[in-house]
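Spelled out from the first residue to the last, the chains are:
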Amino acid sequence: MNIQLPSFLQKGDKVVIVSPSSKIDKEFLKRAKKRLESWGLKVSVGKYAGGSSGRYAGTIRQRLQDLQSAMDDPKVKAILCSRGGYGAVHLVDKIDFTAFREHPKWLLGFSDITALHNLFQKNGYASLHSLMARHLSVEPEEDPCVAYLKDILFGNLPVYTCEKHKLNRQGTAEGILRGGNMAVACGLRGTPYDIPAEGTILFLEDVSERPHAIERMMYNLKLGGVLEKLSGLIIGQFTEYEEDCSLGKELYPALADLVKEYDYPVCFNFPVGHVTHNLPLINGAKVELTVGKKNVELKFIC
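Quick notes on the rules
Residues numbered from 1 in each chain as written. Predicted model: local features only at pLDDT ≥ 70, side-chain atom pairs only at ≥ 80, totals over all residues. Heavy atoms only, no water. Helix = DSSP H or I, 4+ residues; strand = E, 2+ residues; numbered from the N terminus. Expected span 1.5 Å × (residues − 1). Buried < 20%, exposed > 50% of the residue type's maximum accessible area, 1.4 Å probe, protein only. Contact = heavy atoms within 4.5 Å. Pairing = 2+ DSSP bridges. Right-handed = clockwise from strand over helix to strand, strands pointing away. UniProt positions renumbered as here; feature names shortened; annotations may be inferred. Core = buried A, V, L, I, M, F, W, Y, C linked by side-chain atoms within 4.5 Å. Axes fitted to C-alpha atoms, helices over the stretch in contact; angles between N-to-C directions. Phe/Tyr/Trp six-rings, centres within 6.5 Å; stacked < 30°, edge-to-face > 60°. Lys NZ or Arg CZ within 6 Å of the ring centre and 35° of its normal.

The name recorded for the protein in an unreviewed UniProt entry is LD-carboxypeptidase, from Bacteroides thetaiotaomicron.

Pasting the structure below:
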């Protein structure tokens with residue numbers, strides 16, 4: 001399936017902030033709105049974006065209503081998910097793309113929003129794995145990831161260069177960039193919203209998952225025939241876990257062992273994940289990944 005990139009933004013375009021997953025402090029919504037407005041955008045906040053129902057930002061019906069309304073509005077050019085957490089999976093099989101297809105728009109977010117990225121790609125649309133309301137609220141305008149996000153939204157696609165890692169496997173590959181949070185993606189394995197492996201450069205990250213749980217998910221990808229079909233692999237940041245020695249080695253070497261039989265380029269320690277330096281990535285874009293002796297380069301060729 002060909003993946004369509006929505007139109008890039010221009011000053012004066014409308015953006016909506018929604019909360020399809022966990023609840024969020026309304027102060028972050030206000031600050032994120034102010035930051036986006038400073039870019040010349042017209043910003044509105046979903047009716048239930050600051051809501052609360054248990055751990056969620058509203059009931060399933062409320063969260064769905066906000067997201068569907070934003071997707072249906074022909075004037076909206078981008079939808080910023082305020083945060084991740086948990087809850088986006090409740091909406092995946094309920095969203096209607098009929099009106100969206102007439103006026104495609106960017107979906108922004110990461111972490112739990114991976115479920116929605118998978119949904120959008122299944123329907124043929126690229127989306128933006130990126131920072132969300134909190135980062136926009138607390139980081140300065142000159143923060144590189146804030147700047148990259150603005151650049152991408154307005155059509156200036158960056159070329160990313162990051163440091164080499166001793167476990168990297170050198171090589172160059174072209175493919176469709178897909179991925180996100182490992183636990184969320186693995187939760188959709190075997191469903192219509194699974195990530196297709198063929199021709200994919202897969203990127204993975206996670207937070208608060210113990211090393212043996214991450215290795216178990218990686219084995220799922222291996223035994224399910226996913227890893228052998230990839231064009232390239234990007235291992236991002238795995239953070240906020242206690243090294244429990246359950247693998248008998250550190251996490252990255254354990255994952256490197258699982259992919260050593262394949263011949264495509266593999267990059268470790270790429271700056272994507274639950275960290276401040278979380279590079280925005282276009283899910284569904286065609287990219288060129290070059291893992292070299294001195295550094296790693298990721299270039300969007302869309």
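After that view, the rundown keeps rolling.
Between its terminal C-alpha atoms helix α2 (residues 60-72) stretches 18 Å, which fits the 18 Å expected from 13 residues at 1.5 Å a residue. All of the buried residues in α2 are Gln62, Arg63, Leu64, Asp66, Leu67, Gln68, Ala70 and Met71. Elements that come into contact with the buried residues of α2 comprise β1 (14-18), β3 (76-81), β4 (106-109) and α3 (114-122).

Here we take up the pairing of strand β9 (residues 232-239). The element β9 is largely enclosed, with a buried count of eight among its eight residues. Two elements, strand β8 (residues 200-207) and β9, share six bridges in a ladder whose sense is parallel. Bridged to Leu204 within β9 is Ile235. For the handedness criterion, the β-α-β arrangement of β8, helix α7 (residues 211-223) and β9 is classed as right-handed.

Below, the discussion takes up the UniProt feature "domain: LD-carboxypeptidase N-terminal" (unreviewed entry) in the protein. The UniProt feature table records "domain: LD-carboxypeptidase N-terminal" (unreviewed entry) at residues 15-129. Across residues 15-129, the secondary structure splits into 30% helix and 18% strand, with the terminal C-alpha atoms separated by 16 Å.

On to the nonpolar core, then. Counting residues in each nonpolar core, the largest one holds 47 residues, and the members touching the most others are Leu136, Leu177, Phe270, Leu281 and Leu298. No other element matches helix α5 (residues 144-153), which puts five residues into this core. If we ignore the near neighbours within four places in the chain, the residues touching Phe270 are Tyr160, Cys162, Ile234, Ile235, Gly236, Gln237, Leu279, Leu281 and Leu298. Met182, Ala185, Ile235 and Tyr262 belong to the second largest nonpolar core, which has 29 residues in total.

A few words on the pairing of β3. Burial within β3 is extensive, with five of its six residues counted as buried. Across five bridges, the pairing between β1 and β3 is parallel. Across the sheet, Val15 pairs through a bridge with Ala78, a residue of β3. Examined bridge by bridge, β3 and β4 share three bridges and lie parallel to one another. Across the sheet, the residue bridging to Ile79 is Leu107, located in β4.

What follows deals with the sheet that holds strand β6 (residues 159-163). Strand order in the open sheet formed by seven strands is β6-β13-β12-β7-β8-β9-β10, and the pairing between neighbours is mixed. The outermost strands of the open sheet, each flanked by one partner alone, are β6 and β10 (266-268). Shown here is a sheet whose adjacent strand axes are inclined to one another by a mean of 25°, direction ignored. Both β9 and β10 contribute to a ladder of three bridges, which runs parallel. Each bridged residue has a counterpart across the sheet, and for Ile235 the counterpart in β10 is Phe268. Packed on one face of the sheet, helix α8 (residues 251-259) meets β9 and β10 and runs near 160° to β9.

Across the sheet, six strands lie side by side as β2-β1-β3-β4-β5-β11; this open sheet has mixed pairing. Of all strands in the sheet, those bounded by a partner on one side alone are β2 (42-45) and β11 (281-283). This sheet shows a mean twist of 25° between the axes of neighbouring strands, independent of strand direction.

Our next topic: the packing of aromatic side chains. Inspection of the entire model under this criterion finds eleven aromatic pairs. Their ring planes at 80° and their centres at 5.0 Å tell us that Tyr148 and Tyr160 sit as a pair that is edge-to-face. Of this pair, Tyr148 sits in helix α5 while Tyr160 sits in strand β6, and the two are twelve residues apart along the sequence. For Tyr148, a relative accessible area of 26% puts it in the partly exposed group. With relative accessibility at 2%, the residue Tyr160 sits in the buried group. Each ring, one from Tyr262 and one from Tyr264, has its centre 5.6 Å from the other, and the planes form 10°; the classification is stacked. Of the two residues, Tyr262 and Tyr264, both sit in the buried class. A connected cluster of aromatic rings, assembled from ring pairs, spans Phe97, Phe100, Phe120 and Tyr125. Over the ring of Tyr264 we find Arg169, and its NZ or CZ is 5.6 Å from the ring centre.

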